[in-house]
Amino acid sequence: MKEFTLTAIYEAVCQCHDSSFEEKLQCLSNNNCPKFSDKELITIYFWGKAQQLPTRKAIYRLVKQTMLDTFPDLPSYQAFCRRLNWLAPAFQALTEIWQEHLVAKTGDSHAYVVDSCPIILARGRRSGHGKVARELCSQCYNSARQEWYYGMKLHVFGKLQSGKLPNPCSMNITPASVYDLRAAKQIMLDNQPIHDGVLYADKAYIDSKWSQTLQTNHHIQLLTPRKKRINEVSMSRDAYSSFVSGKRQPIESFFHWINAVTGIQHASHIRSAAGLLFHVFSSLALVLLMFDS
């Protein structure tokens with residue numbers, strides 16, 4: 001999709017005929033043919049976010065002020081927000097479907113990268129008092145930011161592409177306290193998103209048994225920066241560690257881009273589990289839609 005016009009977005013949503021998506025739409029309303037359809041709702045939300053509108057209220061106001069001729073049956077703002085939250089399963093289905101399509105179109109590169117980024121509902125002193133979506137979230141220490149936070153993690157396996165952002169082979173969410181290595185092992189066990197190549201990762205993924213499993217079962221060589229040894233006074237940035245870190249840099253750019261486009265890491269405004277699931281999966285679906293352009 002070269003341009004994010006309303007028509008182009010609506011066509012992309014309507015072209016998704018997968019039953020897992022259609023079923024999530026049909027069960028969310030009192031009838032199967034509401035005047036303002038779920039696909040129209042998804043379309044204007046994607047369009048608004050693509051215009052860098054920061055909130056649902058800003059999207060709703062712009063549509064109401066400028067597009068009532070196109071959407072004469074636009075519901076009230078309260079119904080607009082309520083229906084978006086109900087559509088979280090539909091956004092999740094879109095994420096899974098569009099990710100499969102994107103992986104199928106990926107080239108022959110066999111260089112991969114894995115990492116995670118935080119989705120933060122509360123940070124610092126407030127992180128110990130988080131109450132929203134306790135079944136989905138937990139408290140964790142973020143060593144990169146040197147702070148505690150309450151929320152989730154987004155885990156991504158990406159396929160490296162020359163001069164481009166990594167192509168996401170698998171994107172999964174976990175409570176924040178789930179270790180990166182544990183999440184990566186589970187993703188590989190459930191989805192097997194990568195095979196036959198080299199996987200670049202940071203020190204959090206160092207594990208000799210997992211490295212051997214990747215080599216034996218998936219023909220993947222795991223490369224991580226060198227860990228400082230016990231009693232080692234100092235460790236200069238050796239060429240090998242610099243090489244691995246350089247290969248990992250695109251995944252950092254990928255997370256930065258996702259956050260710039262969707263604000264996925266900033267979730268302090270969320271007040272319910274349904275709202276959190278909508279925030280996460282609508283962000284991931286939008287990213288995949290834009291990534292496919």
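Notes on the structure follow.

Some words on the overall build of the protein
For the protein, the count of helices and strands is 10 helices and six strands. For 293 residues, the compact-globule estimate of 2.2 N^0.38 gives 19 Å, and the protein sits close to it at 21 Å. Referenced to the eigenvectors of the C-alpha coordinate spread, the extents of the protein come out at roughly 70 × 45 × 30 Å. Counting the 293 residues in the protein, one finds 52% classified as buried. Contacts spanning at least 24 positions in sequence make up 65% of the contacts within the protein whose residues lie at least 6 apart. Across the protein, 33 positive and 24 negative side-chain charges occur, with their mean positions spaced 10 Å apart.

Structural notes on the pairing of strand 6 (residues 220-223)
Consecutive side chains of a regular strand alternate in pointing toward one face of the sheet and then the other. Summarising the sheet, strand 5 (residues 197-200) and strand 6 pair through four bridges and their orientation is parallel. Each residue of the ladder has a partner; that of Gly197, found in strand 6, is Ile220. Handedness of the β-α-β unit built from strand 5, helix 8 (residues 208-218) and strand 6 comes out right-handed.

Notes on unusual backbone geometry
Phi at Ala133 takes a positive value of approximately 50°, unusual for a residue other than glycine. Residues other than glycine seldom take positive phi values, yet His219 does so here, at roughly 55°.

What to know about helix 6 (residues 88-105)
Taking 1.5 Å per residue as the helical rise, helix 6 with its 18 residues ought to reach 26 Å, and the 26 Å between its terminal C-alpha atoms agrees with that figure. Listed in full, the buried residues belonging to helix 6 are Ala88, Ala90, Phe91, Ala93, Leu94, Thr95, Ile97, Trp98, Gln99 and Leu102.

Rules used throughout
For every chain, the first residue of the written sequence is number 1, and numbering continues from 1 along that sequence. Predicted model: local features are reported for residues with pLDDT of at least 70 only, side-chain atom pairs are reported and counted for 80 or more only, and whole-chain, interface and lining totals are derived from all residues. Each side-chain value is derived from all of the structure's non-hydrogen atoms; neither hydrogens nor water enter the calculation. Here a strand is any run of E in DSSP of at least two residues, a helix any run of H or I of at least four, and the numbering for each starts at the N terminus. The globule rule used for comparison is 2.2 Å times the number of residues to the exponent 0.38, while the radius of gyration itself is calculated over C-alpha atoms. Using a 1.4 Å probe on the protein chains alone, a residue whose accessible area is under 20% of its type maximum counts as buried, one over 50% counts as exposed, and one in between counts as partly exposed. By definition, residues are in contact when any of their heavy atoms lie within 4.5 Å. Charged-residue counts in this description rest on Lys and Arg as positive and Asp and Glu as negative, His and the chain ends being excluded. Note that the charge is assigned to NZ on lysines, CZ on arginines, CG on aspartates and CD on glutamates. In this description, strands pair whenever DSSP reports at least two bridges between them. Handedness is read with the strands pointing away from the viewer; a crossover is right-handed when the path from the first strand over the helix to the second is clockwise. What a helix is expected to span follows from its residue count: subtract one and scale by 1.5 Å.

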